[in-house]
Amino acid sequence: MDRRKFLRGTALAGAATLATPALAQNSGTTLKMQAAWGGGIFLENAQSFAARVNEMSGGSLTIEVLSVDAVVKTSQMQDAVHRGVLDAAHYVSAYWYGKSKAASLFGTGPCFGWSSQEMLGWIYAGGGQELFDELMASLRLNVVSFFNSPMPAQPLGWFNQHITDAAQMNGLKYRTVGLAADVLLEMGMSVVQLPGGEIQPAMKSGLIDAAEFNNPTSDRDFGMQDVSKHYHLASFHQSQECFEVTFNKDKFNALSPEHQAIIRNASMAENSGFYWNNTKRYSDDLIKLQEQDGVNVYRTPDSVMAAQLAAWDVVANRIAGEDPFFAKVMESQKTYAKEVMGYLNLNQPDYRLAYNHYFG
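Residues numbered from 1 in each chain as written. Predicted model: local features only at pLDDT ≥ 70, side-chain atom pairs only at ≥ 80, totals over all residues. Heavy atoms only, no water.

**With respect to helix H5 (residues 128–138)**
Now for step 1: Those residues of H5 that sit buried are Gly-128, Gln-129, Leu-131, Phe-132, Leu-135 and Met-136. Along the long axis of H5, the arc covered by the buried residues comes to 160°, so they all point the same way. Pointing more than 90 degrees away from the buried face of H5 are the exposed residues Glu-130, Ala-137 and Ser-138.
Now for step 2: Of the surrounding elements, those touching the buried residues of H5 are helix H3 (77–83), helix H4 (116–125), strand S4 (143–148), strand S10 (243–248) and helix H12 (324–347).
Now for step 3: Downstream of H5 by one or two residues, Arg-140 has phi in the positive range, about 55°. (Buried < 20%, exposed > 50% of the residue type's maximum accessible area, 1.4 Å probe, protein only. Helix = DSSP H or I, 4+ residues; strand = E, 2+ residues; numbered from the N terminus. Arc of directions from axis to C-beta. Contact = heavy atoms within 4.5 Å.)

Below, the structure written as structure tokens:
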């Protein structure tokens, strides 16, 4: 036998022998999940969900998180999961509401006197998940989704002036997404829908006059304090949003019942983990914006928020008149909100009264 052939054959045999234990150790299932976030606290949230799954499964199920645009553009993520190009995606439903405006009701719809906590309650306990599954079936999308992470109401955002009246917003070029774009158009604004990473440069260049993204931490990371010193908190344009984690349905169904249960329960655990962690980070960064960055922070006037509610009525009723499924979902939400918030509003003390007693 030729000596070089012998050595080459021996090396291949040795490599195969060494590879066998490694294959056994890595015999678990790995799912690749692309997030809509290139960094910052939302990417950390996606990684937190994945870490819960990995830990609860003991490594037998691993979710590998890919950052924004790693495989496809954010606008293509749902289709990529549907086709199996991606195993999963981490984003918000407003990012694909172009396929059905009812999608916006699962995070960026009208406020019926509830917060994201109660909206998630509707999804988990009030028939919302079943309605979402019905929507997926009607769109023939091969996906299964889970909702988690109750977000505090999004700020009205950053302006070049202190907004004290709704009339000041008329004609301003403003960045938002989802059905909120229709609402602010109804209020007389000119709306531009931009990805998060493009907001600060657009405001710096004068392409837009005002903008919102989501929260003080992300806004500070984007450097919004460098292009505006007027930050308005509280708004009804996106007052109850959460993450959607969507999986290719075939790949999810192929998982063991134990792994499916781990994903469901990891999603539910994120509801608490997100809220506790993120509200602390948001409050810390709001203080930094004020004390370190010289930002003027205001609470949005009630008159502006009342105008938002009136605009929501026009937009939502118009869409409901055109789309029976949209109307069906909205009616389900109203029923849940009326009953649950009826109880909570009667039962909850005025926490602001207690806050002002000690700190006001």
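Now that the structure has been shown, we can carry on.
**Focus on the sheet that holds S4**
Hydrogen bonds along the backbone pair up the strands of a sheet, which may run parallel or antiparallel.
Now for step 1: A sheet is described by the order of its strands in space; here five strands give the open sequence S2-S1-S3-S10-S4, paired in mixed fashion. Each of the sheet's edge strands pairs with one partner strand only, and the pair in question is strand S2 (61–66) and S4. Each strand of the sheet is rotated relative to its neighbour by a mean of 25°, with strand direction disregarded.
Now for step 2: Note: S4 against S10, six bridges, orientation antiparallel. Looking across to S10, one finds that Val-144 is bridged to Phe-247.
Now for step 3: Across the sheet, H5 touches S4 and S10, and the angle it forms with S4 is around 150°.
Now for step 4: Of the strands in this sheet, S2, S4 and S10 touch helix H10 (residues 257–291), which is tilted by about 30° from S4. (Pairing = 2+ DSSP bridges. Axes fitted to C-alpha atoms, helices over the stretch in contact; angles between N-to-C directions.)

**Some words on the side chain of Ser-100**
Now for step 1: Looking at where Ser-100 falls in the secondary structure, it is placed in the loop between strand S3 (88–91) and H4.
Now for step 2: Relative accessible area serves as the criterion here: at 10%, Ser-100 is assigned to the buried category.

**Section: the nonpolar core**
Now for step 1: Core analysis: the biggest nonpolar cluster contains 103 residues, and Phe-106 and Phe-247 have the highest contact counts within it.
Now for step 2: Among the elements that make up this core, the one with the highest residue count is H12 (eight residues). (Core = buried A, V, L, I, M, F, W, Y, C linked by side-chain atoms within 4.5 Å.)

**Focus: the packing of H5 against H12**
Now for step 1: With their axes 11 Å apart at the nearest point, H5 and H12 run at an angle of 170° to one another. Between H5 and H12, the crossing angle belongs to the class labelled roughly antiparallel. Of the residues in H12, those in contact with Leu-131, Glu-134 and Leu-135 of H5 are Phe-325, Lys-328, Val-329 and Ser-332.
Now for step 2: Classifying every residue of the contact of H5 with H12 gives four nonpolar, one polar and two charged. (Parallel < 35°, antiparallel > 145°, perpendicular 65-115°, else oblique. Nonpolar A, V, L, I, M, F, W, Y, C, P; charged D, E, K, R; others polar.)

**Quick notes on the packing of aromatic side chains**
Now for step 1: Taken as a whole and judged by the stated rule, the model has 22 aromatic pairs.
Now for step 2: Measuring from ring centre to ring centre gives 6.0 Å for Phe-42 and Phe-213, while their planes differ by 40°; the resulting arrangement is tilted. Linking Phe-42 in helix H2 (residues 40–56) with Phe-213 in the loop between strand S8 (210–211) and helix H8 (216–222), this pair joins segments that are 171 residues apart in sequence. Take Phe-42 and Phe-213: they sit in the same class, and that class is buried.
Now for step 3: Ring geometry for Trp-114 and Tyr-336: centres 6.4 Å apart, planes at 50°, overall tilted. Taken together, the residues span a long stretch of sequence, with Trp-114 in the loop between S3 and H4 and Tyr-336 in helix H12 at a distance of 222 residues.
Now for step 4: You can call Trp-114 buried: its relative accessible area is 4%.
Now for step 5: Each residue in the set Trp-96, Phe-106, Phe-112, Trp-114, Trp-122, Phe-132, Phe-147 and Tyr-336 is aromatic and connected to the rest through ring pairs, giving one cluster. (Phe/Tyr/Trp six-rings, centres within 6.5 Å; stacked < 30°, edge-to-face > 60°.)

**Considerations on the pattern of salt bridges**
Where side chains of opposite charge bring their charged atoms close, a pairing between them can arise.
Now for step 1: For the coordinates displayed, the defined rule picks out twelve salt bridges.
Now for step 2: With a closest N to O distance of 3.1 Å, Glu-44 and Arg-281 form a salt bridge. In this pair, Glu-44 is assigned in helix H2 and Arg-281 in helix H10, connecting sequence segments 237 residues apart.
Now for step 3: Notably, a salt bridge pairs Arg-220 with Asp-293, separated by 2.7 Å at the nearest N-O pair. With Arg-220 in helix H8 and Asp-293 in the loop between H10 and strand S11 (296–299), this pair connects stretches of sequence that are 73 residues apart.
Now for step 4: For Asp-293, a relative accessible area of 18% translates into the label buried. (Salt bridge = Lys/Arg side-chain N within 4 Å of Asp/Glu carboxyl O.)

**Concerning the pairing of S10**
Now for step 1: Within S10, six of the six residues are buried, leaving the element largely enclosed by the surrounding structure.
Now for step 2: Bridge analysis of S3 against S10 gives four bridges, and the strand direction is antiparallel. Residue Ala-89 lies in a different strand from S10, and its bridge partner there is Thr-246.

**Section: the pairing of S2**
Now for step 1: Examined bridge by bridge, strand S1 (residues 29–35) and S2 share six bridges and lie parallel to one another. Paired with Gln-34 across the strands is Leu-66, a residue of S2.
Now for step 2: With H2 bridging S1 and the parallel S2, this β-α-β connection has right-handed handedness. (Right-handed = clockwise from strand over helix to strand, strands pointing away.)

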